[in-house]
Structure formats: C-alpha cells, structure tokens
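Read off the chains here:
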Amino acid sequence: MRSSFIIAATSSGSGKTTLSLGLMNVLRQRNIKVQPFKCGPDYIDTQYHRIATGRDSINLDLFMASESHVRDLFDFYSSSSQVNIIEGAMGMFDGFDGKRGSAADIARKLNIPIILLVNAASTSYSVAATIYGFTHFCPDVKVAGVIFNRVASVNHFAFLEDACKATGMTCFGYIRKNELLQTPSRHLGLSLESQSEIERFIEAAACEVKNTVDIDRLLKATIVQDREIKIPATEKRNRTVAVARDEAFNFIYPANLAAFRADLIFFSPLHDKMLPKADLVYLPGGYPELFADALNKNIEMRKAIKTFADENGMILAECGGMIYLTEEIDRKKMCGIFPVKTTMINVRLKLGYRKVVFDNFEISGHEFHYSDVEDTIGLPSIARQYNIRGKEVTTPIYRYKNVIAGYTHLYWAETDIFNLWKK
C-alpha cells in the first residue's frame, strides 16, 4: 500500500509545477521516499523533480510508448518508493489527440487518482462550476480532491472551500498568491547559478505547501493497492556507451539509458579533454547555444569527437547534440562533422510528436527547438518524419559514416536502438 496520484489542472499555467515540487520536497524533508513522474515528453520539469527529490523523474508518454510499457515503467519505478507523484501536462484532458495521452488518460490507465489544481485568481464561488465539470466529464477518472492556487487571503479561501463542498469534492487546501513563486526560466541550463535559482524556488514552494495544504489527509486519500510487479530478465550487452551529461547536454530519458543494456560512462563535452573509450557515443539534447563559447574553446574534445566519427565510431546525437556536430553555432566553431551551420537568429519554435521512419526501423520521438540549420548544399535525410496527423514534416535526420543525428529526441526504451546501424 502506497500513495500514488497525478497532479492535474484546468489549464497550463495553473501552477502544477509549483504544487508538484512543493509536495515532493516537503515529503523528502520528512524522509519519505518520493518517486517523481511526468506526463508527456517534457525534459525540464523532470530535472526540477530530480533536484526536489534526489531521484530520477520518469516520463510517462502514451504517444512515444505503448500502454503496457507505460504501466510497466510506473510499476517498476514506484516499487521502491512510499509516495508516487506524477505531474500532469497542460490541462487535465489535454492530450496529443483529444484526451489520448492526457493526465486523465494516464490516471485511468494506471488506475490512480487525480489531485485537481484550480487557479483561483480573480474568482471565488464560480469555481464550483469548474470543479463540477472537471470531476464529472469522465466518470471513470477518479478525482480525490482539489487544491486551489493563487489564493489572495484566508477569506478568499473560505469562499473557495464552500464552492468545493457544494460539488461534493474534498478540499486539501491552497497555495497563496506569492511573488516568490515565479517558476524559474525554462531556458536556464544547469549552471550553478540556475540550479541555485531552482533550489530557491523549490524551497519557497515547499514552505507554502507545508503551511496551507493538508498533506497527511491528501496521502491517506490517495492510497492505492499495490500491483504485482513482473520484472523481465534482460541480458546485458558486452558494450560500452559514453553519454554526454553536463550543463550543456542533459535532456535524457532514464528509460532510454536503461534500454542500452550496456555499461555507461558519463563525460562532459564542456569540461573533459578526452573522449572515453566506447562502442557508442550518445550526445543528447540540452543547451549548447548557452555554452557555445566554452564548447568552442574545448578544442581537444571537438577534435576527439571528429576523429571518432571519421574512424567509423557510432554516434547518436539529438537536437543539441546534433547542433554540437555541425560546423558552428552563430560563428562559434563546433565539431564540423556535418557541413551545415546552426543559428539562433530570427528563428521560430518548432515542436511536436514525430514518427521517424528509416528503411528498416521505425521509432517515435518529439521535436522541440528554437534553433535552425543553414544547409546550403542540401544534405539528404536518411529518414522520413510524420506528425501526429500523419503529415510528413521536413525535419531531416543526417548520417555521416556511423554518425546519426537530427533534431528529434527519440524514445527507444521499448526497442533496440542499435537497430539504427543494421543494414
């Protein structure tokens, strides 16, 4: 028996991250083992979760993974915790296709309750209609109770609590309107300065939650029956994978790392001078544009990666990792494996789920970037990509010898990523 729940909200910007981090950190302060999860493909909230709990946060995504895989992930990672907190994405019913993949959909498939967070700014008793609608729209989704955010005063909360009671829902408390609870910029990187700001925010959120949310009552109301967990035996490969992980490269799905079934060596393209000896080098996404000067100055590492590529070494690079393999980022020299240049100037956000189809392999992923490549010679793409509507998108996947790179963050926890190099 353990407590498990999803924090969902009526819309984006309602304060899910504030409540999630506050709860996670308060429970950690009580020496309670908390396992964090995130609905959808988000990399940044999961990094906040890790700082708040000290544990890797696991993405639960029903587009990139099957329902059985999502359930297995949840069962496996929740088995060693006392409380499991899943932070939802967008509004409670917002998925990649209608309700599919939404917080409500995942709650129903995992058979766990939802804590509904309601933004109470500039409203009072009218929230009754909102609560009633969200809790009755899908009768097979259990909502254990409500928490209000951006509450102006104790008197304001009294009106909100009355509105909640009128719907028959339990109210677990509220979070005050507080200028200190401004979510840190989602484009900070993991420098010491940014981590200090994130830690300050988590502490402020935990302080608010501790004072005005009935945490014990919430945990009691969200106890779920443990399921029998079957962990399949997996044979480890006789391979070594070098994984770039530092302030510039940190968009990593823990489930992907586990799926390598290999010995992992972590290294830093920012700080290390030598590339570890490995069968495969993995360059994940991150913020290379914020650290372009430092990456440019680390000539030894850039040369080592270029030499590894020229000698037929296997490299998998995603988004920021791919950028690092181009000739330059806005005139800052990078590894020069691909004869294209990257720019952050006058670019627009590109994002969305992707199906990536190679000649002998198909995989899902997610594209999210503000940069763009300047390809003056028209490098061919080795794969075709499609959005959730099945419409082809123009985002390329590049290949040089055994180097495969593109903007799309791939999810391979259910498959064998080494199939990319099979002919």
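Refer to the structure presented above.
Let me sum up the structure you'll find in this document. Here the structure is a predicted model, which means the values were calculated and not measured.

Reading the values: rules and limits
Residues numbered from 1 in each chain as written. Predicted model: local features only at pLDDT ≥ 70, side-chain atom pairs only at ≥ 80, totals over all residues. Heavy atoms only, no water. Pairing = 2+ DSSP bridges. Helix = DSSP H or I, 4+ residues; strand = E, 2+ residues; numbered from the N terminus. Axes fitted to C-alpha atoms, helices over the stretch in contact; angles between N-to-C directions. Contact = heavy atoms within 4.5 Å. Buried < 20%, exposed > 50% of the residue type's maximum accessible area, 1.4 Å probe, protein only. Right-handed = clockwise from strand over helix to strand, strands pointing away.

1. Examining the sheet that holds strand β9 (residues 240-244)
Ordered by their spatial adjacency, 6 strands build an open sheet running β11-β9-β12-β14-β24-β23, and the pairing between neighbours is mixed. Here the strands that pair on one side only, and so sit at the sheet edges, are β11 (263-267) and β23 (397-400). Shown here is a sheet whose adjacent strand axes are inclined to one another by a mean of 15 degrees, direction ignored. Taken together, the 4 bridges between β23 and strand β24 (residues 403-406) define a ladder with antiparallel strand orientation. Following the sheet pairing, Y398 is matched in β24 by A405. Along the sheet, helix α11 (residues 299-310) makes contact with β11, β12 (280-283), β14 (314-318), β23 and β24, crossing β14 at roughly 120 degrees.

2. Some remarks on the pairing of strand β5 (residues 114-119)
In terms of burial, β5 is a largely internal element, 5 of the 6 residues being buried. Pairing of strand β1 (residues 2-9) with β5 involves 4 bridges; the strand directions are parallel. Residue pairing across strands places A9 opposite L117, the latter belonging to β5. Sheet topology note: the β5/strand β6 (residues 143-151) ladder contains 6 bridges and is parallel. Paired with V118 across the strands is F148, a residue of β6. With respect to chirality, the unit in which β5 leads through helix α5 (residues 127-136) into the neighbouring parallel β6 is right-handed.

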